[in-house]
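Residue strings, one per chain:
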Amino acid sequence: MKILDCTLRDGGYYTNWNFDKKLTDLYFKSFNDLPVDYLEIGYRCNPGMDYFGEYYYCPPYVLERIKSISNKKLVIILDEKNVKKEDIKELLKPCIGVVTMIRFAIDPKNFKRALVLAEEVKKLGFEVGFNVMYMSTWKDESDFLESIKYVTGIADYFYMVDSFGGVYPKDVKDTIDIVRSKTDVALGFHGHNNLELALVNSLTAIENGVEIIDATVTGMGRGAGNLKTELLLTVLNKLNGLEINFNALSQVTGGFELLQNEFGWGTNIPYMVSGANSLPQKEVMEWVSKRYYSYNSIIRALQNKKEGVKDNLKFEILKHDCLCREVLIIGGGESVIAHVKALVVYLETRPEITIIHASSKNAKPFTNLKNKQIFCLVGNEGHRLEDVFDEYKDFQGICVLPPYPREMGTYVPVSVESRTFELEDVNFTELKVFSHTSLAIQTALNLGASSVMITGYDGYSGDKIDEKEQELFIENESLFQDAKAGGVEFYSLTPSKYKSLKAKSVYGLLI
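Residues numbered from 1 in each chain as written. Predicted model: local features only at pLDDT ≥ 70, side-chain atom pairs only at ≥ 80, totals over all residues. Heavy atoms only, no water.

## Some thoughts on the overall build of the chain
Just so we agree on the cut-off: Helix and strand assignments come from DSSP, with helices taken as H or I runs of at least 4 residues and strands as E runs of at least 2, each series counted from the N terminus. When checking whether two residues touch, look at their non-hydrogen atoms; a contact exists if any pair is within 4.5 Å. Charged residues are defined here as Lys and Arg on the positive side and Asp and Glu on the negative side; His and the ends of the chain fall outside this count. Where a charge lies is defined by one atom per residue type, namely NZ (Lys), CZ (Arg), CG (Asp) and CD (Glu).
Per the secondary structure count, the chain includes 19 helices and 16 strands. With respect to the three principal axes, the spread of C-alpha positions in the chain is 80 × 45 × 45 Å. Looking at the chain alone, contacts between residues at least 24 apart form 73% of all its contacts between residues at least 6 apart. Averaging the locations of the 58 positively and 69 negatively charged side chains of the chain gives two centres separated by 2 Å.

## Quick notes on the sheet that holds strand β11 (residues 373–376)
For clarity, the cut-off: Strand pairing is defined by DSSP finding a minimum of two bridges between the two strands.
Across the sheet, which stays open at both edges, the eight strands sit in the order β13-β12-β11-β10-β9-β14-β15-β16 with parallel pairing between neighbours. If you trace the sheet from one side to the other, it starts and ends with β13 (420–422) and β16 (502–503), each paired once. When strand β10 (residues 354–357) meets β11, the two strands line up parallel, connected through three bridges. For I355, the partnering residue across the bridge sits in β11 and is Q373.

## Looking at the nonpolar core
As a reminder of what qualifies: Put simply, buried Ala, Val, Leu, Ile, Met, Phe, Trp, Tyr and Cys residues joined by side-chain atoms within 4.5 Å make one nonpolar core. Relative accessibility thresholds used throughout: buried, under 20% of the residue-type maximum; exposed, over 50%; partly exposed, between the two (1.4 Å probe, protein chains only).
Grouped together as the largest cluster of nonpolar side chains are 92 residues, with contacts concentrated most on F130, F158 and F256. When residues in this core are grouped by element, the largest group, six residues, is from helix α6 (residues 111–123). Look past the residues within four positions of F256 in its chain and what remains in contact with it is T7, L8, F19, L23, Y27, V217, T218, M220 and W265.

## With respect to a nonpolar patch on the surface
So the rule is basically this: Patches in this entry comprise residues that are over 30% relatively accessible and not in a salt bridge; like charges within 9 Å are linked, as are nonpolar side chains (Val, Leu, Ile, Met, Phe, Trp, Tyr) within 5 Å. The Shrake-Rupley method, run with a 1.4 Å probe sphere, supplies the accessible areas, and residue values consider only the shown protein chains as cover. Only one rule defines a salt bridge in this text: a Lys or Arg side-chain nitrogen within 4 Å of an Asp or Glu carboxyl oxygen.
Among the surface-exposed residues, I269, M272 and Y295 lie close enough to one another that they form a single nonpolar patch of about 270 Å² accessible area. Residue position: Y295 is located in helix α14 (residues 295–307). Y295 gets classed as partly exposed once you look at its relative accessible area, which sits at 38%.

## Remarks on the pairing of strand β3 (residues 73–79)
Along β3, six of the seven residues are buried, which leaves the element largely enclosed by surrounding structure. Pairing between strand β2 (residues 38–43) and β3: five bridges, direction parallel. Looking at the pairing, Y38 lines up with K73 of β3. Both β3 and strand β4 (residues 101–106) contribute to a ladder of five bridges, which runs parallel. Considered in β4, the bridge of D79 is made with A105.

## Things to note about α6
We apply this condition: One less than the residue count of a helix, multiplied by 1.5 Å, gives the span that helix is expected to have.
With 13 residues, α6 extends 19 Å between its outermost C-alpha atoms, agreeing within 8% with the 18 Å of an ideal straight helix rising 1.5 Å per residue. Its buried side turned inward, α6 meets α5 (88–92), β4, β5 (127–132), α7 (142–147) and β6 (157–162). Taken from the residues just after α6, G125 is the one with a positive phi, measuring 95 degrees.

## Details of the sheet that holds β4
For clarity, the cut-off: With axes taken as lines fitted to C-alpha atoms, and helix axes fitted only over the stretch in contact, angles between N-to-C directions fall between 0 and 180 degrees.
Taking strand neighbours around the barrel as the criterion, the eight strands line up as β1-β2-β3-β4-β5-β6-β7-β8 in a closed arrangement whose pairing is parallel. Sheet twist, expressed as the mean angle between neighbouring strand axes with direction ignored, is 25 degrees. Contacts from helix α2 (residues 21–31) reach β1 (2–5) and β2, with the element oriented near 155 degrees to β2.

## Let's talk about the side chain of T175
Formally: Counted as a polar contact is a pair of N or O atoms within 3.5 Å, where, for protein atoms, one must be capable of donating a hydrogen and the other of accepting one, and residues adjacent in sequence contribute only when both atoms are in side chains.
Along the polypeptide, T175 turns up in helix α8 (residues 169–180). By relative accessible area, which is 11% here, T175 ends up buried. A polar atom in the side chain of T175 sits 2.7 Å from the backbone oxygen of D171. When sequence neighbours within four positions are dropped, the list of residues in contact with T175 reads M135, W138 and M160.

## Some details on α8
To keep things clear, this is the line we draw: Here the arc refers to the set of directions running from the helix axis out to each C-beta atom.
If you check α8, its first and last C-alpha atoms are 17 Å apart, about what twelve residues at 1.5 Å a residue would give, namely 16 Å. Among all positions of α8, only V172, T175, I176 and V179 are buried. Down the axis, α8 shows its buried residues gathered within 105 degrees of arc, on one side only.

## Here's the deal with the packing of helix α1 (residues 7–15) against helix α11 (residues 246–263)
Here is the rule: In what follows, roughly perpendicular refers to angles from 65 to 115 degrees, roughly parallel to angles under 35, roughly antiparallel to angles over 145, and oblique to any angle outside these ranges. Handedness of a crossing is defined here by the sense of rotation of the near helix relative to the far one, left-handed for an anticlockwise turn of less than a right angle and right-handed for a clockwise turn. Lys, Arg, Asp and Glu make up the charged group, whereas Ala, Val, Leu, Ile, Met, Phe, Trp, Tyr, Cys and Pro make up the nonpolar group; the residues left over, Gly among them, are polar.
Relative orientation of the contacting elements α1 and α11 amounts to 30 degrees, with a least axis distance of 11 Å. When the axis of α1 is compared with that of α11, the two are roughly parallel. Crossing handedness for the pair α1 and α11: left-handed. Contact with α1, carried on its side by T7, L8, Y14 and T15, involves F256, L259 and F263 of α11 and no other residues of that element. Of the residues that constitute the contact of α1 with α11, the class distribution is five nonpolar, two polar and no charged.

## Here's the deal with the pattern of salt bridges
Between side chains of opposite charge, a pair can form when the charged atoms approach closely. Tallying each qualifying case throughout the model produces 25 salt bridges. Between R113 and E80 there is a salt bridge whose closest N-O contact spans 2.8 Å. You can see R113 sitting in helix α6 and its partner E80 sitting in the loop between β3 and α5, a full 33 residues away along the chain. Take R113: its relative accessible area is 34%, and that puts it in the partly exposed class. Between K93 and E90 there is a salt bridge whose closest N-O contact spans 3.5 Å. Judged by its relative accessible area of 55%, E90 is exposed. Taken together, the shared-partner salt bridges connect R9, D10, E40, R103 and D214 into one network.

## Structural notes on the pairing of strand β7 (residues 186–191)
We count it as follows: Here is how to tell: hold the view so the strands point away, follow the path from the first strand over the helix to the second, and if it runs clockwise the crossover is right-handed.
For β7, the buried fraction is high: six of the six residues fall into the buried class. Residues A186, G188 and H190 line one face of β7 and the alternating positions L187, F189 and G191 line the opposite face, and both faces are buried. In the sheet, β6 pairs with β7 via six bridges, with the strands oriented parallel. Paired with Y157 across the bridge in β7 is A186. Read as a crossover between parallel neighbours, the route from β6 over α8 to β7 is right-handed. Here β7 runs beside strand β8 (residues 212–215); their pairing, made up of two bridges, is parallel. Paired with F189 across the strands is I213, a residue of β8. Chirality of the crossover, the property in question, places the unit of β7, helix α9 (residues 198–207) and β8 among those that are right-handed.

Below is the structure:
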């Protein structure tokens with residue numbers, strides 16, 4: 001039984017295939033002393049419009065550097081859907097004499113096309129591996145199952161890939177039996193860890209004669225990640241007496257644990273639900289990284305996807321009986337509470353100003369005002385609204401949702417359903433984003449506001465902000481700029497780092 005470590009290839013989904021040279025040197029040198037047969041170092045791809053790092057393209061200098069420091073068999077992977085037959089020779093020419101095996105990531109629906117591509121690779125003298133994805137759905141792919149027999153003589157390894165991370169040991173055994181009945185090609189298994197079954201599934205595969213197993217250091221890999229290399233080696237050391245240099249293993253694991261602290265791969269409830277229901281985790285990976293998408297919202301989106309519905313609730317379009325020239329948008333920043341007395345006093349003197357709560361976080365101090373109040377419900381905001389209003393007996397506000405259908409589904413507290421509406425469109429910006437800010441701005445514009453006051457949009461302070469904060473800051477700046485292009489002025493009544501917001505102190509309004 002052989003082991004293939006694909007940390008750099010699969011882990012690249014988190015780092016955009018950029019890795020620090022010191023870390024990769026540590027990786028290759030540590031594996032020189034570990035009983036792992038193959039290292040899959042990345043992709044080879046034709047140039048595209050998006051930015052990806054060196055381990056996505058594996059240029060010749062990278063291949064040569066790795067070959068000079070690694071004593072392992074090297075592997076690269078091709079994405080079957082992005083490679084043409086006529087590209088194979090030119091794409092793989094730099095790999096000849098350096099790389100041992102070429103693997104294909106294959107959608108079972110495109111299996112016959114992959115066979116043609118693999119024949120071209122085989123002519124160049126490489127070992128060939130077929131990584132056939134979506135293992136949990138194979139039973140519905142009768143054409144693919146009947147085509148497995150054609151892999152004989154073309155592929156050296158035929159991998160069963162648990163793409164969704166949702167198969168169980170019995171599924172592994174049953175699938176092995178099906179594939180074995182159709183070909184005698186050596187089998188491999190690549191397990192994702194959504195349900196934390198990657199280890200037991202891999203051990204089941206080994207017990208049933210699978211010849212090669214994939215793993216990654218610390219489980220680094222797309223979404224919930226994979227079987228941990230260090231865990232597999234430790235278990236095989238105990239069960240089979242496999243000799244392990246634990247100093248080398250500890251060194252390389254420690255290096256990637258620092259990355260794990262930064263990117264946070266590993267399973268969680270949304271990945272568990274997507275795995276259990278064979279739902280794609282590409283979207284889950286993106287949703288989890290969005291700060292305003294709660295786990296409840298993500299689970300709701302997954303449930304809608306599973307049931308094949310666009311959204312679980314639909315409401316009437318919000319229409320305004322009268323327009324309002326001035327509005328105040330209240331965000332979730334700390335400046336609201338710091339200056340809340342002045343804000344309340346000002347609003348008490350100006351009951352004609354409509355308050356739009358982009359976030360319900362700071363809504364409590366304003367509940368007794370006579371001003372019309374609108375609450376933007378995005379993501380998990382309905383739950384936050386429940387926390388702010390323990391009882392809805394005196395709730396006089398109205399709630400507004402993004403246009404139907406909403407990707408994340410909809411949660412609206414039952415107590416406010418009769419006072420809830422949705423926008424028909426968000427049309428002031430080209431950005432396709434339904435966030436707290438875009439919803440609040442569109443609502444203000446629909447009210448006919450020519451002047452929009454802002455509080456609670458503080459920006460971020462300190463020498464360093466994290467990637468999510470930076471992304472949100474840039475997004476909000478773009479939204480303010482787009483709205484200003486329509487002739488509306490935006491003023492911040494409290495301190496803000498947003499350049500798009502003019503300063504207009506709330507205290508100056510009280511003179």
